[in-house]
Amino acid sequence: MSDHPLSVSVSEFYNELNVKLNFNTRVNSGDLTNRINDLIKQLSPETMKRYYGSGIVIPENIKGCRVLDIGCGSGSLVFILSKLVGPTGYVVGVDISSGLIECCKQETEFHTKAWGYDKPNVEFHVGNAERLLDLKLGEFDMIVSNGVFCLVPDKQKAFNGVAQMLKPGGQFYLNDVVTQTNQPDSVKNDQKLFSLGTGGAMIWSDLKAFSAREGFTTPFLTQAAPVDIKNAEYRQQLSNAEYMCAAWRLFKLPAGASRGPATVTYLGNIEDYSDAFPWDFDLVFKKGEAVNVDADLATILSSTNFKNNFSFADFSGSVSNNRDQDPFQRYKDLQSQGNAPAPIYAVE
Ligand SMILES: C[S@@+](CC[C@H](N)C(=O)[O-])C[C@H]1O[C@@H](n2cnc3c(N)ncnc32)[C@H](O)[C@@H]1O
């Protein structure tokens, strides 16, 4: 099957970027722990000068795991995860740009040596997020994607592939460019606006439906930072629409997993988070502090790889939780508190 015409122009755009390097994104270092920021400093210059993501997302508890990065670009996240999973884990990167995959392959030896491994624990493939199963990569404990779904014309197909390749109990950690309202066809079908991640940006509130159709749990929002459309011509074409780089944790639960509301207590045993573990925008678990959570979250915590990080006790009261976390509103809240993150991505 051949690629959608918009995906053909996206892969040409990224093959060209691989050479020209004229793209302006910054690493979301404020969201990352010191350990991860230190690892980023150790990545090869060839890898990092081609970092084009909307936000690095790092799933917890991944030692020994098999992890897939969809739209891995030059491989920055794959190489970070390669260190975090350790020599017994394995990380696979897939990208539609053959130029960027070639760059990943060339930089593999550098990172294998940097992490002190005898042999690489990564592999890379040219492939389309809409047809992940064609690659016959098997199943994964965790799947990540950074700044890619906004470039995929048929997002439902991509979610379907993730759902089929993720093991029950696994987490899909998605970072993407999103918008607030439906965009006109003139924007959606414009090759340049599409390749820049704006034309194909998902309406943030659609994520729940896309993912629920494939059996994922409620998404939990962990990042909201703006896209800065600096180019006046694009701004006008986009009718001054706003875009946000946002991250969500999504889970695929094992069949039959179900638990009632619970009082959970964080045990302080997630690496880098010995005192407190930030779950999402609304909830930070402090070590030793009992927190009442609804059935949705209690089921996730007790049936995924977080199950050994909490103690659980039944709770019969009701818990009110926001399960429609709007990244645009959350960004405004941060602004009013004087804590707004700088733009992650500038469209010039
Ligand atoms: C904004 S860049 C982000 C790259 C990488 N995740 C990073 O953080 O540097 C988007 C990447 O998605 C890839 N891409 C776009 N459409 C794709 C598709 N349909 N399937 C796989 N990769 C795709 C592009 O080639 C590009 O490398």
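Residues numbered from 1 in each chain as written. Predicted model: local features only at pLDDT ≥ 70, side-chain atom pairs only at ≥ 80, totals over all residues. Heavy atoms only, no water.

The name recorded for the protein in an unreviewed UniProt entry is Arsenite methyltransferase, from Aplysia californica. Of the comments in the UniProt record for the protein, the one headed Sequence similarities (unreviewed entry) reads "Belongs to the methyltransferase superfamily. Arsenite methyltransferase family." (UniProt positions renumbered as here; feature names shortened; annotations may be inferred.)

### As for helix α2 (residues 34-42)
Every buried residue of α2 is accounted for by Ile36, Asn37, Leu39 and Ile40. Buried residues of α2, seen end-on, are gathered within an arc of 155° and therefore sit on one face of the element. Of the exposed residues in α2, those oriented more than 90 degrees away from the buried face are Asn34 and Lys41. Packing partners of the buried residues in α2 comprise α3 (45-48) and α4 (76-85). (Buried < 20%, exposed > 50% of the residue type's maximum accessible area, 1.4 Å probe, protein only. Helix = DSSP H or I, 4+ residues; strand = E, 2+ residues; numbered from the N terminus. Arc of directions from axis to C-beta. Contact = heavy atoms within 4.5 Å.)

### Brief notes about the state of the cysteines
The tally for this structure, following the rule as stated, stands at zero disulfides. For Cys72, which is in no disulfide, the shortest distance to another cysteine sulfur is to Cys104 and amounts to 4.2 Å. Here Cys150 is not cross-linked by a disulfide; its sulfur's nearest cysteine counterpart is in Cys245, at 8.3 Å. The exposure class of Cys150 is buried, given its relative accessible area of 2%. (Disulfide = S-S within 2.5 Å.)

### Let's talk about the sheet that holds strand β10 (residues 262-266)
Strand order in the open sheet formed by three strands is β13-β10-β14, and the pairing between neighbours is antiparallel. The outermost strands of the open sheet, each flanked by one partner alone, are β13 (290-293) and β14 (310-314). Averaged over all pairs of adjacent strands, the angle between their axes in this sheet comes to 30°, without regard to strand direction. Bridge analysis of β10 against β14 gives five bridges, and the strand direction is antiparallel. (Pairing = 2+ DSSP bridges. Axes fitted to C-alpha atoms, helices over the stretch in contact; angles between N-to-C directions.)

### A few points about the environment of Ser316
Inspection of the secondary structure puts Ser316 in the loop between β14 and α12 (327-336). The spacing of Ser316 and Asn292 is 24 residues in sequence and 9.6 Å in space, taken between C-alpha atoms.

### Concerning the site of the ligand
Every one of the 20 residues lining the ligand counts as a neighbour, but Gly71, Asp95, Asn128, Ala129 and Asn146 are closest to it. Asn128 is positioned with one of its side-chain polar atoms (N or O) 2.9 Å from a nitrogen atom of the ligand. Between the ligand and Ala129 there is a distance of 2.7 Å, counted from a nitrogen atom to a backbone nitrogen or oxygen. Looking at the shell around the ligand, its residues break down into 11 nonpolar, eight polar and one charged. (Near = heavy atom within 4 Å. Polar contact = N/O pair within 3.5 Å; in protein donor to acceptor, adjacent residues only side chain to side chain. Nonpolar A, V, L, I, M, F, W, Y, C, P; charged D, E, K, R; others polar.)

### Here's the deal with the pattern of salt bridges
In the structure shown here, the tally under the stated rule is 16 salt bridges. We note a salt bridge from Asp3 to Arg131, for which the minimum N-O separation is 2.9 Å. Remark: Arg131 occurs in the loop between β4 (122-126) and β5 (140-146) and Asp3 occurs in the segment before α1 (5-20); sequence separation between them is 128 residues. Assessed through its relative accessible area of 26%, Asp3 is described here as partly exposed. Among the residues examined, Arg131 registers a relative accessible area of 19% and is labelled buried. Here Asp294 and Arg323 are joined by a salt bridge, their closest N and O atoms 3.0 Å apart. Of this pair, Asp294 sits in the loop between β13 and α11 (295-303) while Arg323 sits in the loop between β14 and α12, and the two are 29 residues apart along the sequence. Neither residue differs from the other here; Asp294 and Arg323 are each classed as buried. (Salt bridge = Lys/Arg side-chain N within 4 Å of Asp/Glu carboxyl O.)

### Observations concerning helix α5 (residues 98-114)
An α-helical turn contains 3.6 residues, so any two residues separated by three or four positions project in the same direction. Its 17 residues give α5 an end-to-end C-alpha distance of 25 Å, which sits within 8% of 24 Å, the value for a rise of 1.5 Å per residue. Considering bend angle alone, the principal kink of α5 is centred on Glu107 and spans about 40°. For α5, the set of buried residues is Gly99, Leu100, Ile101, Cys103, Cys104, Glu107, Thr108, His111 and Thr112. Residues of α5 that are buried in the fold lie against α1, α3, α4, β3 (90-95) and β4. Looking one or two places after α5, you find Gly116, whose phi comes out positive at around 75°. (Expected span 1.5 Å × (residues − 1). Bend = angle between axes of the 7 residues up to and from the residue.)

### Quick notes on the nonpolar core
Within the largest apolar cluster, 34 residues are counted, with the highest numbers of intra-cluster contacts made by Leu68, Ile143, Phe159 and Phe172. The leading source of residues in this core is helix α6 (residues 155-165), at five residues. The contact partners of Phe172, leaving out residues within four places of it in the chain, are Ile143, Val144, Ser145, Phe149, Phe159, Val162, Leu166, Phe216, Trp248, Arg249 and Leu250. In terms of nonpolar packing, the next biggest core, distinct from the first, is built from 32 residues, Cys72, Val78, Val122 and Tyr173 among them. (Core = buried A, V, L, I, M, F, W, Y, C linked by side-chain atoms within 4.5 Å.)

### What to know about the packing of aromatic side chains
Aromatic ring pairs are defined here through the distance separating the ring centres and the angle between the ring planes. Scanning the model with the defined rule gives 24 aromatic pairs in all. For the pair Phe220 and Trp279, a centre-to-centre distance of 5.3 Å together with 70° between the ring planes defines the contact as edge-to-face. One end of the pair, Phe220, is in strand β8 (residues 220-229); the other, Trp279, is in the loop between β11 (276-278) and β12 (284-286), and 59 residues separate them in sequence. Like Phe220, the residue Trp279 is buried in the burial classification. Taken together, the aromatic side chains of Phe220, Phe251, Tyr266, Tyr273, Phe277, Trp279, Phe285, Phe306, Phe310 and Phe312 make up a single cluster linked through ring pairs. Lying over the aromatic face of Phe140, Arg66 brings its terminal NZ or CZ to 4.3 Å of the ring centre. Above the ring of Trp279, the side-chain terminus of Arg249 is found at 4.9 Å from the ring centroid. (Phe/Tyr/Trp six-rings, centres within 6.5 Å; stacked < 30°, edge-to-face > 60°. Lys NZ or Arg CZ within 6 Å of the ring centre and 35° of its normal.)

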